[in-house]
Amino acid sequence: MLISVLGTGYLGATHAACLAACGHTVIGVDTDPGRLELLRHGRAPFHEPGLDELLRCGVENGQLRFTDDLGETVGADVHFLCVGTPQVAHGDQADLTALWAVADALAPLLDRRCLVVGKSTVPVGTAARLRDRIRGRAPAGDSASLAWNPEFLREGHAVRDSLEPDRVVLGVDSDEDNQLLREVYADLVAHGVRIFRTDLATAELAKVSANAMLAARVSLVNLLAEVCEASGADVGDLTDILGADPRIGTHFLSPGLGYGGGCLPKDTRAFVARARELGVVDSSRLLVAVDEVNTRQRVRTVELADSLVGLASCPRVGVLGGAFKAGSDDVRDSPALAVAQHLHDRGALVRIHDPRATLNIRRTNPDLEVVPSVEDAAAGAELLLVLTEWPEFAAIDPVDLGRTVARRVVVDGRLVLDPDKWRAAEWELHALGRAAPRSGY
Ligand code: UGA
């Protein structure tokens, strides 16, 4: 099948490469020349394990190519819309500018039966409006139909989540569209992946609801952590006990600095904005609280650092972690980076290290001194903070690192450090969700 993928960010680049790996002929379209240049050489413009190999393979065997010319997609059977839907600059809603723009550019080219499939994350109701707009402008009229097929891939696991998803959601208006999408995903159908056929609105909601539930879970566990901290209970034991209940489960139960990235924060806010437009005002306050609790983790971490070293006295502070989570170089709405920037703004001399995100941190936070190693970040520091859950930080030898710092005081913002090991090496260890150490540590 000939398929176009419009927008080649995290979602589009991964989707295009995976469709090509499933045997389709795929044309990826983007307007960013730098990104296209990398993709044409089989390289992802961001860190994503396994994606470079898939891109290279697709480009080399001719199944996959990239262009900035939308005209080259004429004749495709299916067009996937994968452009970004970030938060608007002054408000909570999703910014759909890129989605409307690509749909308006594509519609006049649709002169035969084809299917446009939305994958971007959108407020419920967008797909129906988009369908009507495309039909009104396409020479093919009603022969150009629209479906919604949200993605649930996680950065750092995007290839696996695409090739072995736990569900595929097909929001369709007709049996014909359903059948065509099942042919697109024939490999997944053959492997018994659960396929949910539904309407456009439910498919749109399936995505934002999943992200809202994940966000709520993280904020709920952070509320529990705060109560543990205040009461002397142990949040690690508590989450182990909770996770043993199969109705609750063990995933997404890690307390700490909270959620970030290009999806959960903005999707939660956009969900509330859309719910309010639909008249669901009172109940949507639940998600407002989820967002507030999440932001509060960042504030609490900065306040803790201030109480430990007095930020106004310009202490040297080492920050380990800048990416919004381990396994990614993405710093969008990163809790770690937000804290590092606040520490800097309040007077601290910050040195930050992240195993993957150096270039992105330099680009977005030029005030921060980014250093190439854990030791460089720790050298002479009066306080060390671990703010992204990279496994290499969990593996740090506290005895060795203790020799490089000015004071052995560490804040574990992700609960990845072994408290016994660090305290045995005479570090004063503070962790969100764990009671403050008694004096004498
Ligand atoms: C999220 C969803 O998990 C995907 O299903 C979805 O497709 C994607 O958004 C999207 O909308 O495109 P992602 O942003 O890659 O994926 O990140 P997650 O793995 O969900 O983590 C989100 C944040 O929650 C991270 O900052 C992470 O550190 C934090 N988190 C996660 C916690 O604080 N505690 C946890 O227990 C789990």
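Note that this is a predicted model, so its numbers are computed, not measured.

### Here we look at the packing of aromatic side chains
Applying the stated criterion across every chain, the model contains three aromatic pairs. Considering the side-chain rings of Trp422 and Trp427, the 4.9 Å spacing of their centres and the 65° angle between planes classify their relative orientation as edge-to-face. The exposure classification of Trp422 matches that of Trp427, with both residues buried. When the ring centre of Phe152 is taken as origin, the NZ or CZ atom of Arg167, which lies over that ring, is 3.7 Å away.

### Some words on the packing of helix α4 (residues 97–106) against helix α5 (residues 126–137)
Packing of α4 against α5 brings their axes to within 9 Å, and their N-to-C directions diverge by 25°. As summarised for this structure, α4 and α5 are arranged roughly parallel, according to the angle between their axes. By crossing handedness, the relation of α4 to α5 is classed as right-handed. The residues of α5 that touch α4, namely those facing Leu99, Trp100, Ala103 and Asp104, are Thr126, Arg129, Leu130, Arg133, Ile134 and Arg137. Considering only residue class, the contact of α4 with α5 consists of five nonpolar, one polar and four charged.

### Things to note about the site of the ligand
Of all residues adjacent to the ligand, which total 22 residues, the nearest are Phe152, Leu153, Glu155, Asn211 and Ser254. Within the side chain of Lys207, a nitrogen or oxygen atom sits 2.9 Å from an oxygen atom of the ligand. A distance of 3.2 Å is found between an oxygen atom of the ligand and a backbone nitrogen or oxygen belonging to Leu253. When the ligand is considered free in solution it has 730 Å² of accessible area, and contact with the protein chains removes 91% of it. The dominant element in the shell around the ligand, judged by the number of residues it contributes, is helix α9 (residues 200–231), at four residues. When its residues are assigned to classes, the shell around the ligand shows ten nonpolar, four polar and eight charged.

### What about the nonpolar core?
With 51 residues, the main nonpolar core has Val319, Leu343, Ile352, Leu383 and Leu385 as its most contacted residues. No other element matches helix α13 (residues 335–345), which puts five residues into this core. Discounting chain neighbours no more than four positions away, the residues touching Val319 are Ala340, Leu343, Val350, Arg351, Ile352, His353, Ala377, Leu385 and Leu387. Of all hydrophobic cores here, the second largest spans 38 residues; its members include Ile3, Leu51, Val168 and Val184.

Here is what the cut-offs are and how they apply
- As a convention, each chain's residues are numbered from 1 in the sequence order in which they are written.
- Reporting in this predicted model follows two pLDDT cut-offs: at least 70 for local features of residues, and 80 or more for side-chain atom pairs to be given and counted; totals over whole chains, interfaces and linings ignore these cut-offs and use all residues.
- Based on all heavy atoms of the structure, the side-chain values leave hydrogens and waters out of the count.
- Two rings belonging to Phe, Tyr or Trp (six-membered ring only in the last case) form a pair when the distance between their centres is within 6.5 Å. Interplanar angles under 30 degrees mark stacking, angles over 60 mark edge-to-face geometry, and anything in between is tilted.
- Only protein chains enter the accessibility calculation, which uses a 1.4 Å probe. A residue is then buried if its area is under 20% of the maximum for its type, exposed if over 50%, and partly exposed in between.
- Comment: the charge-over-ring label is applied if NZ (Lys) or CZ (Arg) is within 6 Å of the ring centre and within 35 degrees of the ring normal.
- Lines fitted to the C-alpha atoms define the axes, with helices restricted to the stretch that makes contact. Angles between their N-to-C directions range from 0 to 180 degrees.
- Counting from the N terminus, the helices are DSSP H or I runs at least four residues long and the strands are E runs at least two residues long.
- Oblique is the label for every angle not falling under 35 degrees (roughly parallel), over 145 degrees (roughly antiparallel), or within 65 to 115 degrees (roughly perpendicular).
- For any pair of crossing helices, the crossing counts as left-handed if the nearer helix is rotated counterclockwise from the farther one by less than a right angle, and right-handed if it is rotated clockwise.
- Should any heavy atoms of two residues lie within 4.5 Å, those residues are considered in contact.
- In the scheme used here, Gly and all other residues not listed as nonpolar or charged are polar, with Ala, Val, Leu, Ile, Met, Phe, Trp, Tyr, Cys and Pro taken as nonpolar and Asp, Glu, Lys and Arg as charged.
- Residues are labelled near a given molecule or strand when at least one of their non-hydrogen atoms is within 4 Å of it.
- Residues adjacent in sequence count toward polar contacts only when both atoms are side-chain atoms; beyond that, a polar contact is any pair of N or O atoms within 3.5 Å, and within protein one must be able to donate a hydrogen and the other to accept it.
- Only the protein chains shown count as cover for residues, and the accessible areas themselves come from Shrake-Rupley with a 1.4 Å probe.
- Throughout, nonpolar core names a set of buried Ala, Val, Leu, Ile, Met, Phe, Trp, Tyr and Cys residues whose side chains join them through atoms within 4.5 Å.

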